[in-house]
Amino acid sequence: MMAEVNEIAVRVHGLSKSFGSVRAVRDIDLAVAQGEIFGLVGPDGAGKTTIMRMLAAVLRPDAGEILVDGVDVVAEAERAKLHLSYMPQRFGLYEDLTIAENIFFYGALFGVPRGERIARSQELLEAAGLLPFRRRLAGQLSGGMKQKLGLICALIHTPRVLLLDEPTTGVDPVSRRDFWAILYNLREGGVTIVLSTAYMDEAERCSRLALLHGGEIRHCDTPQHLKAAMPGALLAIASAHPRDVREAVSGKPGVLGALLMGDRVHVRVDDAERRIPELRAAIADQGIADAVITPAEPGIEDVFVALLGEEKPHEP
Amino acid sequence: MNIQRLLAMAYKETLQIWRDPRSLAVALLMPLMQMGLLGYGVSLDIKHVPLCVYDQENSQASRAVVDDFTASNWFTISHTIASEAGIRRAMDRGECAAAVVIPVDFSRTLAATGSAPVQAIFDATDVNTTNIAMGYAQGVVAQTNATIAARWAASHGVQPSLVGRVDFEPSVWFNETLESRNFIIPGVVAVILALVGAQLTSLTISREWERGTMEQLISTPVTPLEVMFGKLIPYFAIGLLDAAFCLAVAVFWFHVPFRGSIGILFVTTALFDLVVLGIGYLISVRIRNQLGASQVALLLTMLPTTLLSGYTFPIDQMPAAIQVLTYAVYSRYYVTILRTIFLKGGGLTDLWTPVLGLVAYAAIIIWLAARAFRKHL
Ligand SMILES: Nc1ncnc2c1ncn2[C@@H]1O[C@H](COP(=O)(O)OP(=O)(O)OP(=O)(O)O)[C@@H](O)[C@H]1O
Ligand SMILES: [Mg+2]
């Protein structure tokens, strides 16, 4: 079957879920095209995991519809599970089983024939660089290796839709790059990926992003469009004393937000032309002499903060 | 049910048991410990039990009874005394483990009624020795009876079985509720199965919740029935192995007589195994932490099995209300079956009520267990 390029792989309509008085997910709509890498981003408690669980058919929604690969997830949960793979936020494999045993187990549960399981696990282990460790207990793996193992177990049955809840949290940058190489490869093969992430550089790699807050989707677009939609202009102030700089500019007229980014401060202002001299003066007043102000391209983190208000995802 | 998934589940569970020292210890050491505890302090080869004789009559007939005791090799006369207080003193000092008291009118009663009582007293501080000594004494008295009956019959020209008995009246000192060992040991199999089966399975689902592996497991197409049967297969096998071990120890080590059919024993043991596993599994599904699950399992299996199954406390001696309650205790049926198979050798015709009870119990529990597990958070 040839997949149409714009076929919708995941469609969500009016999805809601409450835990007692906590409205974790509020009436959300989503449509993810086949072959997309779709990102869910939002602060802690925004509802990312709750959405993922409902998509994976392990949590029942209070209301709403979910279609995954054309299958109604709410009505036909078990049939939907044949089409998708889910990697939970918390490592969900057996730590007292080896890499190979975990892969075999999940392969069997998804009905992959024995011979195919062997060939495919070999291939996946090789791609992930885990082949030499296949007899090691999962509990003795590093964080990055564990996540790759989780991905392999999720891929052993060639799913059409892959759901990954913060798959690279706690993983070193090199392993994260490997991880993403695998994801890009999958997308080439037509697999649709929905993932949540706390890393802004990862968010930037997604084809589209949903910015979640308080269980609602506040914005949903490509990273480029989201950046373009950011109100105001961004200035980067480099200094040896970034905290003092932030202190100096915060609350000044026309300043919409100030965010620490390593040794720089990203300041969002209503009008760059007009505010640069004012800020320069304000910083000098505080006795900081080395500050250099330049206009900057917004990163997704800046957009995130600007669009979601004052919630800062990575406040140090 | 898909065989590949079922076997994968069973294999995975087996690996986990194999790598979990605690589960292994319960599976392998529990039966050993329990059987050991029971046999603790037992010297199986008892001969020459020191016997204190208080022959109040000292007639030909009474001396014949005493001679039968000494001739058996099981008893050696350590004291011949002339007062009841002497028995007490000898036992307190540990100089004798048993005593026979022959009443002053022994031969007269025997001649007049054809039957006369002999009192036997046992120091039951060591239950096991006492059990054995009591059995020996019974043997001796049976021997005496046969002789007396034969003699009486010869002199009166009647059937030997109708006349002449020395009534054996054992009384147990220091441990009044003594039970025969043969009576208890078969029931131990029930206790061990209940303990091992329910303890191990009570952890199987709660472990998945506790370790965070459940979310991933239920995201696969595996069905609740495959999860249940897949998980129970290894525990079922362990249960049967443990039962076989205990039964072998009972027969070959403790020399409990085995008179019944191995086939019925196997089938009923498998049924009982299913019941306790099902209970453990139900608990495991309901209680999502391992400690809580294992505590509840202990409460729901060990407690009724040791107290209400008739394993140590005879059911017919319980208050009426409690007696009714024991019908709800699955181990009651199995203990009855075990005891009958071992000691009486009954076939299915004698056992159909407890077997039916067990079948019904197993069916209900497995039905409940199959419905209990839900594949969502
Ligand atoms: N099982 C549950 N019981 C009660 N409340 C829950 C449950 N699961 C989630 N919540 C609540 O629902 C809200 C959304 O939680 P969720 O786990 O979906 O957030 P998240 O975006 O994944 O956060 P994080 O980045 O920390 O993983 C939170 O307020 C959380 O406390
Ligand atoms: Mg989460």
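Up top is the structure these notes are about.
Below or above, wherever it landed, is the structure these notes cover.

Rules of the game
- The residue count restarts for each chain, going from 1 along the sequence in the order it is written.
- Lettering of chains starts at A and numbering of ligands starts at 1, both following the order in which they are written.
- Reporting in this predicted model follows two pLDDT cut-offs: at least 70 for local features of residues, and 80 or more for side-chain atom pairs to be given and counted; totals over whole chains, interfaces and linings ignore these cut-offs and use all residues.
- Excluded from the side-chain calculations are hydrogens and water; all other atoms, namely the structure's heavy atoms, are used.
- Comment: elements are numbered from the N terminus, with helices defined as DSSP H or I runs of at least four residues and strands as E runs of at least two.
- Residue types Ala, Val, Leu, Ile, Met, Phe, Trp, Tyr and Cys, when buried and joined through side-chain atoms within 4.5 Å, form a set referred to as a nonpolar core.
- Throughout, exposure labels follow a simple rule: accessible area from a 1.4 Å probe, protein chains only, divided by the maximum for the residue type, with under 20% read as buried, over 50% as exposed, and the rest as partly exposed.
- Working rule for contacts: check all heavy atoms of both residues, and any pair within 4.5 Å makes them a contact.
- Note that water is not among the atoms used; donors are N, O and S atoms within 2.8 Å of the metal (3.2 Å for Na, K and Ca), so sites may look incomplete.
- Here, a strand pair is defined by DSSP locating no fewer than two bridges between the strands.
- When two rings of Phe, Tyr or Trp (its six-membered ring) have centres within 6.5 Å they constitute a pair, described as stacked for plane angles under 30 degrees, edge-to-face for angles over 60, and tilted for the intermediate range.
- Only C-alpha atoms enter the line fits that serve as axes; for helices the fit covers just the stretch in contact. Angles between N-to-C directions range over 0 to 180 degrees.
- Two helices that cross are described as forming a left-handed crossing if the nearer one is turned anticlockwise from the farther one by less than a right angle, and a right-handed crossing if clockwise.
- Any residue with a non-hydrogen atom lying within 4 Å of a molecule or strand is treated as near it.
- For the purposes of these results, a polar contact is taken to be a pair of N or O atoms within 3.5 Å, where, inside protein, one atom must be able to donate a hydrogen and its partner to accept one; residues adjacent in sequence count only when each atom of the pair is a side-chain atom.
- Reported accessibility uses the Shrake-Rupley method at a 1.4 Å probe radius. Residues are deemed covered only where the shown protein chains occlude them.
- Residue classes follow a fixed rule: Ala, Val, Leu, Ile, Met, Phe, Trp, Tyr, Cys and Pro count as nonpolar, while Asp, Glu, Lys and Arg count as charged, and any other residue, Gly among them, counts as polar.
- Using a 1.4 Å probe, buried area is obtained as the accessible area two parts lose upon being combined, added over both of them.
- Here, a salt bridge means any Lys or Arg side-chain nitrogen found within 4 Å of an Asp or Glu carboxyl oxygen.
- Each residue after the first adds 1.5 Å to the expected span of a helix.
- With a 1 Å grid spanning the protein atoms alone, the term cavity applies to any set of points in which a 1.4 Å probe fits but cannot get out, the term pocket to an open set with protein on both sides within 12 Å along at least five of seven lines, and the term lining residue to any residue with an atom within 4 Å of a point.
- Grid points are joined across faces, edges and corners, and a volume is the space filled by probe spheres set on the points.

The subject of this paragraph is the environment of R280 of chain A. As for its placement among the helices and strands, R280 of chain A is situated in helix α10 (residues 272–285). For the pair R280 of chain A and I293 of chain A, spaced 13 residues apart in the sequence, the C-alpha separation amounts to 7.6 Å.

What follows covers the nonpolar core. Counting residues in hydrophobic clusters, the biggest one holds 159 residues, and the most contacted among them are L162 and L183 of chain A. In terms of residues, this core owes the most to one element, helix α7 (residues 181–202) of chain B, which gives 13 residues. Ignoring sequence-local partners within four residues, the contact set of L162 of chain A consists of S85, L151, A154, L155, L183, L186, V191, T192, I193 and V194 of chain A. By size, the runner-up hydrophobic cluster in this structure holds 24 residues, among which are V49, F69, M134 and Y136 of chain B.

Our focus in this paragraph is the coordination of the magnesium ion (ligand 2). All names here are of chain A. The coordination sphere of the magnesium ion (ligand 2) contains the protein donors T49 (OG1) and Q89 (OE1), at a distance range of 1.8 to 2.1 Å. Here the residue T49 occupies a position in helix α1 (residues 48–55), and Q89 occupies one in the loop between β6 (84–87) and α3 (99–109), the gap between them amounting to 40 residues. With a relative accessible area of 39%, Q89 lands in the partly exposed category.

Turning next to the pairing of strand β11 (residues 233–238) of chain A. Residue and element names in this part refer to chain A. Judged from the six bridges that link them, β11 and strand β13 (residues 264–269) form a sheet pairing that is antiparallel. Each bridged residue has a counterpart across the sheet, and for A236 the counterpart in β13 is H266. As paired elements, β11 and strand β14 (residues 292–295) share four bridges and run antiparallel to each other. Bridge pairing in β14 links A238 to V292.

So, about the packing of aromatic side chains. By the definition in use, this model includes eight aromatic pairs over all chains. For the pair W180 of chain A and Y184 of chain A, a centre-to-centre distance of 5.7 Å together with 55° between the ring planes defines the contact as tilted. Here Y184 of chain A and W180 of chain A lie together in helix α6 (residues 173–188), a separation of four residues that amounts to about one turn. The class for Y184 of chain A is partly exposed, based on a relative accessible area of 29%. Ring geometry for F272 of chain B versus Y334 of chain B: centroids 4.4 Å apart, planes at 10°, classification stacked.

Residue and element names in this part refer to chain B. Put simply, helix α14 (residues 330–344) and helix α15 (residues 348–372) touch, their axes get as near as 9 Å, and they point 145° apart. α14 and α15 meet at a crossing whose hand is left-handed. Along the contact surface, α14 presents Y330, Y333, Y334, T336, I337, T340 and I341, while α15 presents L351, P354, V355, G357, L358 and Y361.

Further remarks concern the site of ligand 1. Residue and element names in this part refer to chain A. Around ligand 1 sit 13 residues in total, of which G45, G47, K48, T49 and T50 are the nearest. At 2.9 Å, a backbone N or O of G45 approaches an oxygen atom of ligand 1. At 2.5 Å, a side-chain N or O of T50 approaches an oxygen atom of ligand 1. Across the complex, the protein chains shield 63% of the 630 Å² of accessible surface that ligand 1 would expose by itself. Secondary-structure elements contributing two or more residues to the shell around ligand 1 are β2 (22–33) and α1. Here the element with the most residues in the shell around ligand 1 is α1; it accounts for three residues. Along the lines of polarity and charge, the residues of the shell around ligand 1 split into five nonpolar, five polar and three charged.

Now for the interface of chain A and chain B. The interface of chain A with chain B comprises 31 residues on the first partner and 25 residues on the second. Interface of chain A and chain B: buried area, both sides summed, is about 2600 Å²; carbon and sulfur atoms make up 55% of it. Looking at the side of chain A facing chain B, the largest losses of area belong to V58, Y94 and L109 of chain A, adding up to 24% of the total buried there. Linking chain A to chain B there are four salt bridges. With its nearest N and O atoms 2.5 Å apart, the salt bridge here joins K375 of chain B to E78 of chain A. Remark: the boundary between chain A and chain B carries 15 residue pairs in polar contact (both at pLDDT 80 or more).

With that settled, consider α14 of chain B. Note that an α-helix has 3.6 residues per turn; residues three or four places apart therefore point the same way. All names here are of chain B. The first and last C-alpha atoms of α14 sit 21 Å apart over 15 residues, in line with the 21 Å expected at 1.5 Å per residue. Of all 15 residues in α14, 12 are buried, a share of seventy percent or more. If you check which residues of α14 are buried, you get Y330, S331, R332, Y333, Y334, V335, I337, L338, R339, T340, I341 and F342. One or two steps after α14, the chain reaches G345, where phi turns positive at roughly 75°.

Before going further, it helps to examine the side chain of S294 of chain B. Considering the arrangement of structural elements, one finds S294 of chain B in helix α12 (residues 290–307). A residue is classified by how much of its surface remains accessible, and S294 of chain B, at 8% relative accessible area, is buried.

Attention shifts here to empty space enclosed by the protein. Residues and elements named next belong to chain A. Applying the stated criterion across every chain, the model contains four cavities of 30 Å³ or more. The calculated volume of the largest cavity comes to roughly 90 Å³. Around the largest cavity sit 10 residues that line it, and G257, A258, L259, R268 and V305 are the ones nearest its centre. For the lining of the largest cavity, the secondary-structure elements that each account for two or more residues are β12 (255–261), β13 and α11 (300–308). Residue composition of the lining of the largest cavity, grouped by class: five nonpolar, two polar and three charged.

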